[in-house]
Amino acid sequence: MPHLQSRLFNALALTAMLALASALRGATAEAVDSRSTGDRMRERVLRMTEFFDTMLPGVLEENNMTLHFRPKFSDLRNNEYMRFPFELRYGLTEKWELQAGLVPFTPNVFNRGREHRWGTGEAKLGARYDIGAKLPFFDDTTVGVETRVPLGRPPIELNDHYTHVKPVVSAARTLRIWPSTTFYANLAYDRSVDLTHRSPPPIAVVRRNIIEAAPGFLYKPSELGYFTEYRFRHISEDAGWHLSHELQFGTIWDVPIARSKKWKLPGKWQLELAYKLGHEEGRGSDQGVSARVNWRTTLREVLAHGRAADLW
């Protein structure tokens, strides 16, 4: 029965992906001139810099602070809990960006089991630096480092109970012959370290260090975009190493602020839908559909809504 539910979920999600692409094609024709100056400034601050696990180069402008919220709806199908990652980002200078976040989780109302519980999950700290066009071939490059620290005893799939330090490089180049198409590449090294004095991890945990490369293409002529990506991993464990491969393609709708304002939705909304096909040596193959909502707003807007609520 769970296998049948998974197939049904995949079929429904694929249908939704095709419907989203066709239904929203006309929605992206909204003219830039129709937006107010304030909307254009907010669009620039809250511009799309990521989708799923892919980071695009770029940092916040100086003294800007944004809040990002990315619930993972694939947890409804796959896990006994649901993750609700949120993150604060601050533009320290025109080149430096600081990040801090949490990944709390709650029980999944559809699945029950050992991990049907509440928890704080993990804390995240990071920094990114924009080096511009210093790398050959690429128009823009950002380097950074991210640290993930487990809090309490989170589910293994959320955090394997080790602290992770992950340096990352993200670079992109706009194709000259197709200006709406961007070739991007992410390169990262996820190193698990034992920095905190914690109880031993669960028996099922296998300590891993992962080198990951993810090139891809993003076609985004307007708010509606499409992407395809190949993700390669070199996974090192105590018993040896093996490789993992993943191919994904999907669509992104970067909802215009003017449209979300009409719907009485604060901030900037981004809807993501993708089909993933992966294979890990010694572990088998996996495939499925992932959906994610990416919501980001400025701290100024959050405080403004808070004052309005107090007055009301």
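The paragraphs below set out a description of the structure included in this document. In this convention, every chain numbers its residues from 1, walking through the sequence in written order. Per-residue local features of the predicted model are confined to residues with pLDDT of at least 70, and side-chain atom pairs are confined, for both listing and counting, to 80 or more; whole-chain, interface and lining totals are unaffected and use all residues. Each side-chain value is worked out from all heavy atoms of the structure, with water and hydrogens disregarded.

1. Re the environment of L158
Looking at the element boundaries, L158 is found in the loop between strand 9 (140–150) and strand 10 (163–174). With a 1.4 Å probe rolled over the protein chains alone, any residue whose accessible area is under 20% of its type maximum counts as buried; one over 50% counts as exposed, and the rest are partly exposed. For L158, a relative accessible area of 8% translates into the label buried. Distance in space between the C-alpha atoms of L158 and Y81 is 9.9 Å, their sequence separation being 77 residues. What makes two residues a contact is simply this: any of their non-hydrogen atoms within 4.5 Å. Dropping the residues within four chain positions of it, L158 is found in contact with Y81, R83, V103, F105, G121, E122 and R148. Under the scheme used here, helices are H or I runs from DSSP no shorter than 4 residues and strands are E runs no shorter than 2 residues, and both carry numbers assigned from the N terminus.

2. Thoughts on the pattern of salt bridges
We define a salt bridge as a contact between a side-chain nitrogen of Lys or Arg and a carboxyl oxygen of Asp or Glu at a distance within 4 Å. If you walk through the whole model with that rule in mind, you get 20 salt bridges. With a shortest N-O distance of 2.4 Å, E50 and R89 are connected by a salt bridge. Taken together, the residues span a long stretch of sequence, with E50 in strand 1 (residues 50–51) and R89 in strand 5 (residues 86–91) at a distance of 39 residues. Taking relative accessible area as the criterion, E50 reaches 5% and is therefore assigned buried. For R89, a relative accessible area of 4% translates into the label buried. Here E237 makes a salt bridge to R283, at a shortest N to O gap of 2.9 Å.

3. Focus: the sheet that holds strand 12 (residues 209–219)
When DSSP locates at least two bridges between a pair of strands, those strands are taken to pair. An order of 3-5-6-8-9-10-11-12-13-14-15-16 is seen for the 12 strands of this closed barrel, with the pairing classed as antiparallel. For this sheet, the mean inter-axis angle between neighbouring strands, taken without regard to orientation, is 20 degrees. Pairing geometry for strand 12 and strand 13 (residues 224–237), over 9 bridges, is antiparallel. Its bridge partner lying in strand 13, E212 is registered against R233. Throughout, an axis means a line fitted to C-alpha atoms (over the contacting stretch in the case of helices), and angles, computed between N-to-C directions, take values from 0 to 180 degrees.

4. Side note on empty space enclosed by the protein
Here a cavity denotes grid points, spaced 1 Å and computed from the protein atoms alone, that fit a 1.4 Å probe unable to get out, and a pocket denotes an open set having protein on both sides within 12 Å along at least 5 of 7 lines; residues with an atom within 4 Å of a point are the lining. Grid points are joined across faces, edges and corners, and a volume is the space filled by probe spheres set on the points. Throughout the structure, instances matching the rule amount to 2 cavities of 30 Å³ or more. In this structure, the largest cavity occupies an estimated 80 Å³ of space. If you trace the largest cavity, you find it lined by V45, L46, R47, T49, G58, V59, L60, T66, H68, R89, E97 and R296. Partitioned by chemical class, the residues of the lining of the largest cavity number 4 nonpolar, 4 polar and 4 charged. Computed from the structure, the second largest cavity encloses a volume of approximately 30 Å³. If you trace the second largest cavity, you find it lined by R47, M48, T49, E50, H68, Q270, N294 and R296. Of the residues assigned to the lining of the second largest cavity, the class counts are 1 nonpolar, 4 polar and 3 charged. Throughout, the ten residues Ala, Val, Leu, Ile, Met, Phe, Trp, Tyr, Cys and Pro are labelled nonpolar, Asp, Glu, Lys and Arg are labelled charged, and all others, Gly among them, are labelled polar.

What is shown is where atoms sit, not what they do.
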